[in-house]
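Next come the chains, spelled out residue by residue.
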Amino acid sequence: MWIAWLYRTAIKRGAKGGHWAWYVLALGAWVLRRDQARRTQSGLKTPLKPGETLVITAVEDPPRGRRAKKKAARRAERTLARSLNA
């Protein structure tokens, strides 16, 4: 809640001809607010119907870099192949 207040206040003061640092502060608040919203998103989007089951597993945070994403995809393919062969 205070992040939204900080963002609004910094934008207003910067737009009124204030110091450029207010825009920097607004940018920082925007990044914090965006990160906070990203972390609180729910992964489940579809409601379950009667009789359906839901399996919940703990997973790591998704990789961020291009090479890390490719490595994670290869690891997931190997794991899937092992589970299908077993």
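Everything below is about the structure printed above this text.
Parameters and conventions
Residues numbered from 1 in each chain as written. Predicted model: local features only at pLDDT ≥ 70, side-chain atom pairs only at ≥ 80, totals over all residues. Heavy atoms only, no water. Helix = DSSP H or I, 4+ residues; strand = E, 2+ residues; numbered from the N terminus. Rg over C-alpha atoms; globule rule 2.2 N^0.38 Å. Buried < 20%, exposed > 50% of the residue type's maximum accessible area, 1.4 Å probe, protein only. Lys, Arg positive; Asp, Glu negative; His and termini not counted. Charge placed at Lys NZ, Arg CZ, Asp CG, Glu CD. Axes fitted to C-alpha atoms, helices over the stretch in contact; angles between N-to-C directions. Parallel < 35°, antiparallel > 145°, perpendicular 65-115°, else oblique. Left-handed = near helix turned anticlockwise from the far one by under 90°. Contact = heavy atoms within 4.5 Å. Nonpolar A, V, L, I, M, F, W, Y, C, P; charged D, E, K, R; others polar. Patch = residues over 30% accessible without salt bridge, like charges linked within 9 Å, V, L, I, M, F, W, Y side chains within 5 Å. Areas by Shrake-Rupley, 256 points an atom, 1.4 Å probe, with all protein chains shown as cover. Salt bridge = Lys/Arg side-chain N within 4 Å of Asp/Glu carboxyl O. Phe/Tyr/Trp six-rings, centres within 6.5 Å; stacked < 30°, edge-to-face > 60°. Lys NZ or Arg CZ within 6 Å of the ring centre and 35° of its normal.

Caption draft 1: Representation of the overall build of the chain within the structure. When you go through the chain residue by residue, the secondary structure sums to three helices and zero strands. Counting from the amino terminus, helix and strand elements in the chain follow one another as α-α-α. Scaling as 2.2 N^0.38, a compact globule of 86 residues should have a C-alpha radius of gyration of about 12 Å, whereas the chain reaches 21 Å, well beyond that. For the chain, buried positions account for 8% of its 86 residues. Separation between the mean location of the 20 positive side-chain charges and that of the 5 negative ones in the chain comes to 11 Å.

Caption draft 2: Layout of the packing of helix 1 (residues 2-15) against helix 2 (residues 21-39). Two elements in contact, helix 1 and helix 2, have axes separated by 8 Å at closest approach and are oriented at 155°. The angle between helix 1 and helix 2 places the two elements in the roughly antiparallel class. Every pair of crossing elements has a handedness; the one defined by helix 1 and helix 2 is left-handed. Across from Ile3, Ala4, Leu6, Tyr7, Ala10, Ile11, Arg13, Gly14 and Ala15 in helix 1, the residues of helix 2 making contact are Trp22, Tyr23, Leu25, Ala26, Ala29, Trp30, Leu32, Arg33 and Gln36. Counted by class, the contact of helix 1 with helix 2 contains 14 nonpolar, two polar and two charged residues.

Caption draft 3: Looking closely at a positive patch on the surface. Taken together, Arg66, Arg67, Lys70, Lys71, Arg74, Arg75, Arg78 and Arg82 make up a surface patch of like positive charges. If you trace the backbone, Lys71 turns up in helix 3 (residues 66-85).

Caption draft 4: Representation of the packing of aromatic side chains in the model. Scanning the model with the defined rule gives zero aromatic pairs in all. Above the face of the Tyr7 ring, Arg33 is positioned so that its terminal group lies 4.5 Å from the ring centre.

Caption draft 5: Geometry of the environment of Leu84. Positionally, Leu84 belongs in helix 3. A relative accessible area of 65% means that Leu84 is categorised as exposed. Along the backbone, Leu84 and Thr46 are 38 residues apart, and their C-alpha atoms lie at a distance of 25 Å.

These results come straight from atomic positions and should not be treated as a statement about function.
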